[in-house]
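Each chain, written out:
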Amino acid sequence: MNQSSNDLSGNVTGPVVQAGHVGQLHLAPPVPTALAGLPPAVPEFTGRAHALRRVTEALRPGSGASPLVVSTLAGTAGVGKTALALRAAHDAVAAGWFPGGVLFINLQGYDGTRYVQPDIAVSVFLSALGVPAELFPSTFEGRLSLYRSKLAELASGHGAALIVFDNASSTEQIRPLLPGSPVHRVVVTSRHTLGDLPGSRIVDVGVLEPPEAAALIARTLRMRRSDDTRAQDEPAAVHDLTALCGRLPLALAVVASILAGDPDQTIGELTAALRDRATRLEELSYGDRRSVTAAFGLSYARLGPEEARMFRYLSLNPGQQVSVQAAAALTGRSVPQAGKLLRALRDVHMLEHGKPRGWVRFHDLLRLFAERCSEEEDDAASVQAAVDRLLAHYRDAARDATERIVEAARLRRRADAAEDWLDTERLNLRSALHLAHRHDRPAMVLPLAHNVSWFLRRQQDWAAGLEVCDMAVEFADSVADGAELALALYNKGDFLKHKQDFDLALPVFAEALDRYHELGDRTGEARTLHSMGTVARRIGRYAQAESHYAAALPLFRVLDDQPGSGHTLFNLGYTARKQGDHAAALDHYESALDVYERLGNSAGRARTLHHLGHLAVATERPDAARRHWEQARSAYEEAGLPPSAQEVAELLDALSASEAGWGGGGGGGSPPPPPPGGGGPPPPARGSYFTLTPDQAAPTALYSAPVVPYRSPAAFRVAARAAL
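The residue numbering used here restarts from 1 in each chain and proceeds along that chain's sequence as written. In view of the model being predicted, local features appear only for residues whose pLDDT reaches at least 70, and side-chain atom pairs are presented and counted only at 80 or more, with totals across whole chains, interfaces and linings using the full set of residues. Computation of side-chain values covers all heavy atoms of the structure but excludes hydrogens and water.

Engineer: Explain the overall build of the protein to me, and be specific about the residues and the numbers.
Structural biologist: Only DSSP runs of H or I with at least four residues qualify as helices, and only runs of E with at least two residues qualify as strands; both kinds are numbered from the N terminus onward. The helix and strand tally for the protein stands at 31 helices and 10 strands. Here's how the labels work: a residue is buried when its accessible area is under 20% of the maximum for its type, exposed when over 50%, partly exposed in between, all with a 1.4 Å probe on protein chains only. A burial count over the protein gives 53% of its 724 residues as buried. Any pair of residues with heavy atoms lying within 4.5 Å of one another is described as a contacting pair. For the protein, contacts bridging at least 24 residues in sequence account for 67% of all contacts bridging at least 6. Only the protein chains shown count as cover for residues, with accessible areas throughout obtained via the Shrake-Rupley method and a probe of 1.4 Å. Looking at the protein as shown, the accessible area adds up to about 32,000 Å², and 51% of this sits on carbon and sulfur atoms.

And the structure:
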């Protein structure tokens, strides 16, 4: 009997046959590998030079010494993360950086029905690495160990491999799959900012720049049809089209596909169709698979209930961005709770960072999507309650900011934080008035309208401010409140006065005066008459101005309004001097000076002495002029107004020089000529509150409602007096 034997040594893999006689033998072929499974790069890929450079530099061999997730490309749905990752991966492979091959998997992280668990992903990778399914370990940990071992073998036998995890939704989905060998590289794309992923280098992917967006449209059309010149023929329409798409690559790809599929449609026609906000999202779809709404819907479905509610309610905010405080008001949550929800929405790129820090904003198309979600899911009562909370927030926050500014001004300081807040929220505050109009909430926002017009006047934003004044008049008229309407008319007149539309201001003031007279509101009558006098004086109608001031003075006296009396007496002195009635001017100035001295108002006293000096020069009394100006200089210094004190010092020098030219003394000769420009205090710096204007421009009335934050018509007298 014949015997045979086989001796085996070393490692044996694959089928092994041991037999004395084999008639016929069938062996299974070797298990194939799939280490070149990288999907093709997007041919239309355009732009992204900076981001592409960051990713490829990180992929370069020797760019790191530890297992490194080279780049986590994070951005909202449809922003082009996968296209960027594939472009960088193909460039790296073409450069020969990954001789070990490429593993690619779409983790479907935002699709509830196709979500790829880590245990499925590792099995896919084992198959790609050439491990037969029957040899997979039974446990997840065992498969992970085999996966890392195969990657280590690959590194030692062939070299570095690139692993691409596309569309991951969490660190937990990919953390177990990170390679252990330091030579391999990994690229991840996600709508989340995966800040807890070990070794990650985050690359934020935003929308395209305007030239890149236009280039994407043009490139796609020329690729589809080489003779398609519509993008070159309609550059303005292309610009508008990309803007309506928010320069989001997915939306741009959709409109390019629509245009490519209909070569007779002009870009202008498609742009016109997209201008309708109500149907824009429906228009941004092509076929069954390319839809902006569907992409956003997958992200929205992953939100928790509170995050989804915040996302929807933020669309109720009328401006382009929203603060955490406004978000808290919308949702009825505390500021810390709202901040946490906003961070969660930013992490999934459903929101973007606003400017400055602490504000967030929507991408334009995501805002439309949020509006649609709110329309579908939120009942009318809940929406109205959220709007009311938001309007109350803006009303109260604007009041607080203006109060801080005025209080700081009283102390000769600036409230920079309050100024910055108002400047940042300018659009939201104006838009809140339109929101109130749509929701029929005029009474709630009347105080807001007054404060916003005050702020816009200080910013010299005349067109916007006048629009707000008109809205305040409309709101006041709609609530049938005579006092509110009178105040709104007064504020509009005051705004026009500062805008120097004097001919328009006078009839508005006259209408306010009629309203105050009907109400028996003497305070309102007095301040309106005073303002009418100021407007008439500013356009050189000194007799008319004198008439208005003369009518206001007894009202201020009956009201025992000493500041109002003092300012009116001063202005009566000015109008009398302008009309050549020096005796009356002297009497009024001296009466005003008495009032200011009783009040301890150093600035008012300095200003009056300043003008008494000019009057003395005009009446050839240089000694009196010197006395008044010396006192004025001391009073300005006491009031903390050194520029005005310096100007008076220059007047005194000019007076001394003129007297020397007369031959000295104060008796005869011609009076010194007035200094260039007429002298007087300098105009206030922008943002100043105590108004000191030059003589040639005439003193500005200090009774002006926007000088103080809005309280109510009844509270005007107390607030105005405090501001003065």
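Still to come is the rest of the account.
Engineer: Give me the lowdown on the pattern of salt bridges, citing residues and values where you can.
Structural biologist: Salt bridge, as used here: a side-chain nitrogen of Lys or Arg that lies within 4 Å of a carboxyl oxygen of Asp or Glu. All told, the structure shown has 32 salt bridges when counted by the stated rule. Glutamate 371 serves as the salt-bridge partner of arginine 367, at 3.4 Å between the closest nitrogen and oxygen. Linking arginine 367 with glutamate 371, this pair stays in helix H16 (residues 364–377), spanning 4 residues, or about one helical turn. Neither residue differs from the other here; arginine 367 and glutamate 371 are each classed as buried. Shared partners join several salt bridges into a network, and the residues in it are Arg395, Asp396, Arg399 and Asp400.

Engineer: Can you tell me about unusual backbone geometry, naming the residues and giving the values?
Structural biologist: Residue lysine 355 is joined to proline 356 through a cis peptide bond whose omega torsion reads 0°. If you trace the backbone, proline 356 turns up in the loop between strand E9 (352–353) and strand E10 (359–361). In this structure, arginine 412 is a non-glycine residue whose phi angle is positive, near 60°. Arginine 412 sits in the partly exposed class, given a relative accessible area of 44%. Although it is not a glycine, alanine 480 sits at a positive phi angle of roughly 55°. Structurally, the position occupied by alanine 480 is in the loop between helix H21 (462–478) and helix H22 (482–499). By relative accessible area, alanine 480 is classed as exposed at 74%.

Engineer: Describe the nonpolar core, and please don't skip the residues or the numbers.
Structural biologist: Buried Ala, Val, Leu, Ile, Met, Phe, Trp, Tyr and Cys residues form a nonpolar core when they are joined through side-chain atoms within 4.5 Å. Ranked by size, the top nonpolar core spans 144 residues in total, and within it Leu59, Phe311, Leu314 and Leu448 carry the most contacts. In terms of residue count, helix H17 (residues 380–410) provides more of this core than any other element does, 12 residues in total. If near-sequence neighbours (up to four positions away) are discounted, leucine 314 is found in contact with Val322, Ala327, Leu330, Leu342, Leu345, Leu351 and Phe362. Grouped together as the second largest cluster of nonpolar side chains are 36 residues, Leu553, Tyr589, Leu593 and Leu651 included.

Engineer: An account of helix H3 (residues 118–128) is requested, with residue identities and associated values reported.
Structural biologist: Residues of H3 that are buried: Pro118, Ala121, Val122, Ser123, Phe125, Leu126 and Ala128. Those residues of H3 that are buried lie in contact with strand E2 (101–106), helix H4 (140–157), strand E3 (161–168) and helix H5 (171–174). Just downstream of H3, glycine 130 is the residue with a positive phi angle, here 95°.

Engineer: Quick one: what's the story with the side chain of glutamine 384, residue by residue and with numbers?
Structural biologist: Mapping glutamine 384 onto the fold places it in helix H17. Polar contacts, as used here, are pairs of N or O atoms within 3.5 Å; protein pairs need one atom able to donate a hydrogen and one able to accept it. Residues neighboring in sequence count only if both atoms are side-chain atoms. In this structure the side chain of glutamine 384 is engaged in a polar contact, spanning 3.0 Å, whose partner is the side chain of histidine 439. Other than its neighbours up to four places away in sequence, glutamine 384 contacts His439 and Arg441.

Engineer: Mind laying out the sheet that holds E9, listing which residues take part and the relevant values?
Structural biologist: DSSP-based pairing: two strands are paired if at least 2 bridges between them are found. Spatially, 3 strands are ordered E8-E10-E9 in an open sheet, and the strand pairing comes out antiparallel. The strands lining the two open edges of the sheet, one partner per strand, are strand E8 (321–323) and E9.

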